[in-house]
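Given next are the chains, with one letter for each unit.
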Amino acid sequence: PPYGYRAKGHELVIAPAEAEVVRRIYSLARDGTSIREIATLLSEDDPTRRWHRTAVERILSRDLYMRKRPSRIIDARLWHAARRALVERSRSRLS
């Protein structure tokens with residue numbers, strides 16, 4: 001199952017601790033934190049797990065987290081705000 005969810009039978013249900021991490025990832029991205037910096041912060045917060053930039057990117061690219069089904073972890077406004085911030089950040093880096 002995707003990070004933030006657990007399989008329960010044939011359904012996905014929210015895994016509360018992981019869902020909090022997903023919310024934090026989206027909030028940090030919305031606030032302008034780079035994907036690499038987010039991965040570093042998460043790794044520092046939990047030394048038992050090493051976060052990679054690609055894992056954070058994968059989470060940020062999935063609209064699954066804002067959909068009503070299975071269960072929404074973040075609202076659509078946060079998802080879109082984080083996506084906008086990432087696009088703006090990449091544009092400014094290319095300028």
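In this text, all values refer to a predicted model and were calculated from it rather than measured experimentally. (Residues numbered from 1 in each chain as written. Predicted model: local features only at pLDDT ≥ 70, side-chain atom pairs only at ≥ 80, totals over all residues. Heavy atoms only, no water.)

A count of helices and strands for the protein chain gives 4 helices and 2 strands. For the protein chain, the sequential pattern of α-helices and β-strands runs β-β-α-α-α-α. Taken over the C-alpha trace, the protein chain has a radius of gyration of 14 Å; the compact-globule value for 95 residues is 12 Å, and the two agree within 12%. With the C-alpha coordinates of the protein chain rotated into their principal frame, the extents come out at 50 × 30 × 15 Å. Taking all 95 residues of the protein chain together, the buried fraction comes to 37%. When contacts within the protein chain are restricted to residue pairs at least 6 apart in sequence, long-range pairs at least 24 apart make up 46% of them. A total of about 6,400 Å² of accessible surface is found on the protein chain, and carbon and sulfur atoms cover 48% of it. (Helix = DSSP H or I, 4+ residues; strand = E, 2+ residues; numbered from the N terminus. Rg over C-alpha atoms; globule rule 2.2 N^0.38 Å. Buried < 20%, exposed > 50% of the residue type's maximum accessible area, 1.4 Å probe, protein only. Contact = heavy atoms within 4.5 Å. Areas by Shrake-Rupley, 256 points an atom, 1.4 Å probe, with all protein chains shown as cover.)

In this section: the pairing of strand β2 (residues 11-14). Strand residues, when the strand is regular, have side chains that alternate between the two faces of the sheet. Two strands pair when backbone bridges link them, and strand β1 (residues 5-8) and β2 are joined in this way by 4 bridges, in the antiparallel orientation. Opposite K8, over in β2, you have E11 as the bridge partner. In textbook terms, the turn of a hairpin is the stretch between consecutive antiparallel strands, and for β1 and β2 this stretch comprises 2 residues, one of which, G9, has a positive phi near 65 degrees. (Pairing = 2+ DSSP bridges.)

Taken as a whole, this structure holds 7 salt bridges when the rule is applied. A salt bridge links R23 to E20; the nearest nitrogen and oxygen atoms lie 2.7 Å apart. One end of the pair is R23 and the other is E20, both in helix α1 (residues 16-30) and 3 residues apart, which spans about a single turn. For E20, a relative accessible area of 49% translates into the label partly exposed. (Salt bridge = Lys/Arg side-chain N within 4 Å of Asp/Glu carboxyl O.)

It is worth spelling out helix α3 (residues 53-61) at this point. Regarding α3, the residues found buried are A55, V56, I59 and L60. Looking straight down α3, one finds its buried side chains confined to an arc of 135 degrees; they lie on one side. Where α3 is buried, its residues touch α1, α2 (35-45) and α4 (76-94). (Arc of directions from axis to C-beta.)

Close contact between α1 and α2 brings their axes to 10 Å; oriented N to C, the two are set at 145 degrees. In this structure, the crossing between α1 and α2 has a hand that is right-handed. Here α1 contributes V21, R24, I25, L28 and A29 to the contact with α2, which in turn contributes I38, L41, L42 and D45. Classifying every residue of the contact of α1 with α2 by side-chain character gives 7 nonpolar, no polar and 2 charged. (Axes fitted to C-alpha atoms, helices over the stretch in contact; angles between N-to-C directions. Left-handed = near helix turned anticlockwise from the far one by under 90°. Nonpolar A, V, L, I, M, F, W, Y, C, P; charged D, E, K, R; others polar.)

The next subject is the environment of M66. Of note, M66 is situated in the loop between α3 and α4. By relative accessible area, which is 17% here, M66 ends up buried. With 13 residues separating them along the chain, M66 and W79 place their C-alpha atoms 6.7 Å apart. In contact with M66, not counting residues within four places along its chain, are R72, I74, D75, A76, W79 and H80.

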